[in-house]
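Okay, here's what each chain looks like letter by letter:
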Amino acid sequence: MQTDSQWASHGGTLSVHTHNSDTCSCPMTFGVYTPPQAANGPVPVVWYLSGLTCSWANVMEKSGLQRAASELGLMIIAPDTSPRGDAIANDDAYDLGQGAGFYLTATQAPWAPHFKMDQYITEELSALVANNFAADMSRQGITGHSMGGHGALTLHLKHPDVYKSVSAFSPITSPSKVPWGKKAFEHYLGSDKSDWANYDASQLVAKQASQATMLIDTGDADQFLEEQLQPQAFIDVCKANGQALNYRLQPGYDHSYYFVASFIADHLAHHKVALG
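From a predicted model like this one, the values you see are computed outputs, not experimental measurements.

Bringing the layout of surface pockets into the picture now. Quantified by volume, the largest pocket comes out at close to 230 Å³. The wall of the largest pocket is formed by 15 residues, among which Leu52, Thr53, Cys54, His145 and His255 lie closest to the centre. Grouping the constituent residues of the lining of the largest pocket by class yields 6 nonpolar, 8 polar and 1 charged.

Given below as structure tokens:
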């Protein structure tokens, strides 16, 4: 692992690192905000998963999370959204290929050799963080935006003992039923929809609700609300299956990082309470 950049921020440190990933078979880059409390010992960790076209930089540069993370003593890990590079499969569209990994393990060509973002985050990158940062890996939470919100919900539901708290901004909660998800799943996983269920938050909740209380914020002016996000379907399945959910429809907000920046402190406070 090498450190590419490092800046002091709100008493802590924002750093960017690159390493050669065995899982993705290419170099991977991620960002870390280390709060000042880490100087005295390991601190709780919150993973932030970004959305389509994004990288570690979007949330670290646009959300202003460093102030709240510093006050709360939370380490924030921001992985990339996919493998990248000239040798990595790609597509001209923004919603497939590089920048659009959908936090799954692809089984179809040409994506399968590199697109293993769920394994990369839960196994390889987690081990790297544990070995190189003052992270209390017994206290981990996960959040994300849009495609990253989908990733946060699904990784929490599949690993509730690892990611003990969860939240999301404008998540794709039923990807098997919306254009973004259908396109990605067909290309990455194939046409057998039974293979899609393991990456669909609505279907995962229907199978087994978690013990955590989910916090989800969506803007009522979100341009993707009805076609791509469809939050009501997820609200209904949570009610039907006993999943604790604090869903907030925020008036006037859209899908942008102005929206994320407005509520990121609420989300980090939610994780701090749950993680202790």
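This paragraph deals with the side chain of Ser167. Along the chain, Ser167 turns up in strand β7 (residues 163-169). Residue Ser167 is classed as buried on the basis of its relative accessible area of 0%. A polar side-chain atom of Ser167 sits 2.8 Å from a polar atom in the side chain of Thr143. With residues up to four places along the chain from it excluded, the contact list for Ser167 reads Ile142, Thr143, Gly144, Ala152, Leu215, His267, His270 and His271.

Our focus in this paragraph is the sheet that holds strand β6 (residues 135-144). The strand order β1-β2-β3-β5-β4-β6-β7-β8-β9 describes an open sheet built from 9 strands, whose pairing is mixed. Edge positions in the sheet fall to β1 (2-9) and β9 (245-250), since each of these pairs with one other strand and no more. Direction aside, neighbouring strands of the sheet carry axes that sit 20° apart on average. Examined bridge by bridge, strand β4 (residues 43-49) and β6 share 6 bridges and lie parallel to one another.

Take the pairing of β1 next. Here β1 pairs with strand β2 (residues 12-21) via 7 bridges, running antiparallel. Of the residues in β2, the one forming a bridge with Ala8 is Thr13. Between β1 and β2, which pair antiparallel one after the other, the connecting turn spans 2 residues, and His10 there sits at a positive phi close to 50°.

Next up on the list: empty space enclosed by the protein. Inspection of every chain in the model, using the stated rule, returns 1 cavity of 30 Å³ or more. For the largest cavity, the calculated volume is near 40 Å³. Lining of the largest cavity is provided by Pro171, Thr173, Ile216, Thr218, Leu229, Pro231, Phe234, Ile235 and Tyr247. Put simply, the parts of the chain that give the lining of the largest cavity at least two residues each are β8 (214-219) and α8 (231-241). In terms of residue count, the dominant contributor to the lining of the largest cavity is α8 (3 residues).

This next bit is on helix α2 (residues 65-72). Along α2, the positions that sit buried rather than exposed are Leu65, Gln66, Ala68, Ala69 and Ser70. Residues of α2 that are buried sit in contact with β1, β2, β3 (26-34), α1 (56-62), β5 (75-79) and α9 (257-275). Immediately beyond the C-terminal end of α2, within one or two residues, lies Gly73, with a positive phi of roughly 70°.

Attention now goes to the environment of Ile264. You can see Ile264 is positioned in helix α9. Residue classification places Ile264 among the buried residues on the basis of a relative accessible area of 4%. Separated by 201 residues in the primary sequence, Ile264 and Ser63 have C-alpha atoms spaced 7.0 Å apart. Sequence-distant contacts of Ile264, defined by excluding residues within four places in its chain, comprise Tyr48, Ser63, Leu65 and Phe169.

So, about α8. Each turn of an α-helix holds 3.6 residues, which means side chains three or four residues apart point in the same direction. By the burial criterion, the buried members of α8 are Pro231, Phe234, Ile235, Val237 and Cys238. Projection of α8 onto a plane perpendicular to its axis shows the buried side chains occupying an angular sector of 170°, all on one side. Of the residues in α8, the exposed ones pointing more than 90 degrees away from the buried face are Lys239 and Ala240. Residues of α8 that are buried make contact with α4 (147-158), α6 (201-207), β8, α7 (225-229) and β9. Among the residues trailing α8, Gly242 stands out with phi positive, at a value near 75°.

About the cut-offs
Residues numbered from 1 in each chain as written. Predicted model: local features only at pLDDT ≥ 70, side-chain atom pairs only at ≥ 80, totals over all residues. Heavy atoms only, no water. 1 Å grid on protein atoms, 1.4 Å probe; cavity = no way out; pocket = protein on both sides within 12 Å on 5 of 7 lines; lining within 4 Å. Points joined across faces, edges and corners; volume = space filled by probe spheres on them. Nonpolar A, V, L, I, M, F, W, Y, C, P; charged D, E, K, R; others polar. Helix = DSSP H or I, 4+ residues; strand = E, 2+ residues; numbered from the N terminus. Buried < 20%, exposed > 50% of the residue type's maximum accessible area, 1.4 Å probe, protein only. Polar contact = N/O pair within 3.5 Å; in protein donor to acceptor, adjacent residues only side chain to side chain. Contact = heavy atoms within 4.5 Å. Pairing = 2+ DSSP bridges. Axes fitted to C-alpha atoms, helices over the stretch in contact; angles between N-to-C directions. Arc of directions from axis to C-beta.

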